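# Descriptive structure summary
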Amino acid sequence: MEVMKSGNSKLRLSKIATNDEHGENSPYFDGWKAYDNDPFHPTQNPNGVIQMGLAENQLSLDLIEEWIKKNPSASICTSEGIHAFKNIALFQDYHGLPEFRNGVAKFMGKARGGRVSFDPNRIVMAGGATGANELLMFCLADPGDGFLVPSPYYPAFNRDLRWRTGVQLVPIMCQSSNNFQITENALEEAYQNAQKANINIKGLILANPSNPLGTTFDKTTLKRLVTFTNDKQIHLVCDEIYAATIFRAPVFVSISEIIEEMECDRSLIHIVYSLSKDMGLPGLRVGIVYSYNDAVVNSGRKMSSFGLVSSQTQHLLASMLSDDEFTDQFLLENTRRLASRHDSFIKGLDKMDIQCLKSNAGLFCWMDLRPLLKEPTFEGEMGLWRVIISDVKLNVSPGSSFHCHEPGWFRVCFANMDDETLEIALRRIRMFVSKHKQVEVHAKKKSWQQRNLRLSFSSLMFYDDQIMTSSPRTMSSPHSPIPQSPLVSAKT
């Protein structure tokens, strides 16, 4: 038997540890690496890569910092809050602190405009939305089972939903011709194709609001999707982690509102939520599964043992989310700031003739760079992406990493930087587009000159032929090495 040394690259690891299903080899993550290797800083590294590939909300963190200053007792690490240290530091079961679940349930309702309420007893904790999504897959599917998902979709779904669970993702083709809206034909076609491939479809996953599109589903579409999943008796998982990032009409419609308005099997409905996007707290790793299925809630709580939210974090957030005055103000101000940032970014791009898909939510834009492609292929998209990363020094994410079926679309994030950095990013884009236009004009001019040269040469040849055909001295044999004009052939 061969003995493997610990430093040997052939050391046998598990299939999960050695497979490529994590998705880290995607351009989506390569862009992050480019930023990590050369991060922009206004003074220390002004020519570095600006991070526009991270959907992070840094626009309203000052509001949270101010609340923490005013409420020192919310933390067990202050003299005002140390009295709660012992209780919080001791073992807590995986149901979560009751006050934390109450606070999350209340905030989820507010983030959806107060049009629906949530039961704290149906809240299951997880380590961020990543953990929540994976937990649901473990509850709902077996290895090899499939879930339908509209494309383009979040690149890390491969990691969150597939890597350790063995679940397959089956894309639903969405087209730019109708603004990437999901159609009944595309939905049914994806389902039937999966059936033909012997993939057992267990559900449909929606990101609403959409990442990367920044759009929301309307009531009519959501009702059709509920009907579809009910008819097929498959699950409907709604990732609603961007619910409170709506910055203009139409308002966000949660799947929880839809099931209040129609007859359906509620046990098939599940929501994934988080405080990473709506409050800008990804580092606190607060993920939530909210299921209308009792069995999922019970089994999910058992599985949550592997990714609990720390009791210290629960304690802090329980106090913050139960402060109605603060959360009301935060949601209003955060919406205003997102709208302002989105509008300024879109206007900046518009001045360069760069268009984005019309959106009403999210921390990003779905940018149309098809006019800048050298060729309308994914190779052309990757070539443009490499130039943007290495020369323009911006980390934007190519559409192919989001499983978009049309080359030339890019997701660009606008809420993870200050105003000054955003202006520098726009300036870099402006310079790149200007240079591209100059190259394009030069290429057209060169092509025009070459075409005129060919026309001039052809005219000269025609003139020479005319002279040859008009004089008996220039008449030639069909075997002459001098090319004959069609006019000569016509006359013979």
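In this text the structure is predicted, and so the values were computed from the model without any measurement.

What counts and what doesn't
Sequence order sets the numbering: in each chain, residues are counted from 1 along the sequence as written. Local features are withheld for residues below a pLDDT of 70 in this predicted model, meaning they are given only at 70 or higher, and side-chain atom pairs are given and counted only at 80 or more; totals for whole chains, interfaces and linings count all residues. Calculated side-chain values reflect all of the structure's heavy atoms, with hydrogen atoms and water omitted. To obtain an axis, a line is fitted to C-alpha atoms, over the contacting stretch when the element is a helix, and the angle between two such axes runs from 0 to 180 degrees between their N-to-C directions. Put simply, DSSP H or I for four residues or longer makes a helix, DSSP E for two residues or longer makes a strand, and each gets a number counted from the N terminus. We call two directions roughly parallel when the angle between them is under 35 degrees, roughly antiparallel when it is over 145, roughly perpendicular when it lies between 65 and 115, and oblique otherwise. Crossing handedness is defined as follows: a turn of the near helix away from the far one that is anticlockwise and smaller than a right angle gives a left-handed crossing, while the clockwise case is right-handed. Only heavy atoms enter the contact rule, under which two residues are in contact if any of them lie within 4.5 Å. Under the scheme applied, nonpolar residues are Ala, Val, Leu, Ile, Met, Phe, Trp, Tyr, Cys and Pro; charged residues are Asp, Glu, Lys and Arg; polar residues are all the others, including Gly. Any two rings among Phe, Tyr and Trp, with Trp reduced to its six-membered ring, count as a pair given centres within 6.5 Å; such a pair is stacked if its planes are under 30 degrees apart, edge-to-face if over 60, and tilted if neither. Here's how the labels work: a residue is buried when its accessible area is under 20% of the maximum for its type, exposed when over 50%, partly exposed in between, all with a 1.4 Å probe on protein chains only. For two strands to count as paired, DSSP must find a minimum of two bridges between them. In plain words, nonpolar cores are sets of buried Ala, Val, Leu, Ile, Met, Phe, Trp, Tyr and Cys residues tied together by side-chain atoms within 4.5 Å. Polar contact criterion, stated in full: a pair of N or O atoms within 3.5 Å, where within protein one must be able to donate a hydrogen and the other to accept it, and residues adjacent in sequence count only if both atoms are side-chain atoms.

### A look at the packing of helix α2 (residues 27–37) against helix α14 (residues 378–392)
- One way to put it is that α2 packs onto α14 with a least axis distance of 11 Å and a crossing angle of 15°. In terms of orientation, α2 and α14 fall into the roughly parallel class. In the packing of α2 onto α14, the handedness of the crossing is right-handed. Where α2 approaches α14, its residues Pro27, Asp30, Gly31 and Ala34 are matched on the opposing element by Met382, Trp385 and Ile389.
- Considered class by class, the residues forming the contact of α2 with α14 number 5 nonpolar, 1 polar and 1 charged.

### Some details on the packing of aromatic side chains
- Counting across every chain of the model gives 18 aromatic pairs.
- Judged by centre distance (5.0 Å) and plane angle (90°), the ring pair of Phe118 and Tyr290 falls under edge-to-face. Note that Phe118 is positioned in the loop between α5 (98–111) and β2 (123–127) and Tyr290 in strand β8 (residues 286–291), a separation of 172 residues in sequence. Side by side, Phe118 and Tyr290 carry an identical accessibility label, which is buried.

### Side note on the sheet that holds β8
- Strand order in the open sheet formed by 7 strands is β2-β8-β7-β6-β5-β3-β4, and the pairing between neighbours is mixed. With one partner strand each, in any of the chains shown, β2 and β4 (168–172) form the two edges of the open sheet. Direction aside, neighbouring strands of the sheet carry axes that sit 25° apart on average.
- Inspection of the sheet shows β2 paired to β8 by 5 bridges, in the antiparallel sense. Considered in β8, the bridge of Val124 is made with Val289.

### Section: the sheet that holds strand β12 (residues 397–398)
- The antiparallel open sheet is built from 4 strands, whose spatial order is β9-β10-β13-β12. Each edge of the open sheet carries a strand with a single partner, namely β9 (355–356) and β12.
- Across 2 bridges, the pairing between β12 and strand β13 (residues 409–413) is antiparallel. Following the sheet pairing, Ser397 is matched in β13 by Arg411.
- Against the sheet, helix α13 (residues 324–350) makes contact with β9, β10 (364–368) and β13, and its axis sits at roughly 15° relative to β10, the strand it touches most.
- Its contacts with the sheet place α14 against β12 and β13, and it is angled at close to 30° to β13.

### Some details on the nonpolar core
- Of all hydrophobic cores here, the largest spans 80 residues; its most connected members are Leu148, Ile255 and Met279.
- At 6 residues, α5 tops the list of elements feeding residues into this core.
- Residues in contact with Leu148, not counting those within four places in the same chain, are Val170, Ile172, Leu187, Ala190, Tyr191, Ile201, Gly203, Leu204, Ile205 and Phe228.
- With 64 residues, the next largest nonpolar core counts Val296, Ile354, Trp385 and Leu394 among its residues.

### A word on the packing of α5 against α13
- Closest axis-to-axis distance for the α5/α13 pair is 11 Å, and the angle between their directions is 35°. Crossing of α5 against α13: the hand is right-handed. Of the residues in α13, those in contact with Lys106, Phe107, Lys110 and Ala111 of α5 are Asp324, Thr327, Asp328 and Leu331.
- Among the residues making up the contact of α5 with α13, the classes are represented as 3 nonpolar, 1 polar and 4 charged.

### Regarding the environment of Phe330
- You can see Phe330 is positioned in helix α13.
- Owing to a relative accessible area of 1%, Phe330 belongs among the buried residues under this scheme.
- Separated by 266 residues in sequence, Phe330 and Ile64 have C-alpha atoms that sit 8.2 Å apart.
- If we ignore the near neighbours within four places in the chain, the residues touching Phe330 are Ser60, Leu63, Ile64, Asp278 and Met279.

### Topic: helix α12 (residues 311–321)
- Counting buried residues in α12 gives 9 out of 11 residues, a clear majority hidden from the surface.
- If you check which residues of α12 are buried, you get Ser311, Thr313, Gln314, His315, Leu316, Leu317, Ala318, Met320 and Leu321.
- Looking at the packing, one finds that the buried side of α12 touches α3 (61–70), α4 (85–89), α5, β2, β8 and α13.

### Details of the side chain of Asn208
- Following the sequence through the fold, Asn208 ends up in the loop between β5 (201–207) and α9 (219–232).
- With relative accessibility at 2%, the residue Asn208 sits in the buried group.
- Among the polar contacts made by the side chain of Asn208, one reaches the main-chain amide nitrogen of Phe217 at a distance of 3.0 Å.
- Here the side chain of Asn208 touches Val253 through a polar contact of 3.2 Å, landing on its backbone oxygen.
- Apart from residues lying up to four places away in sequence, Asn208 is in contact with Thr215, Thr216, Phe217, Leu222, Asp239, Glu240, Phe252 and Val253.

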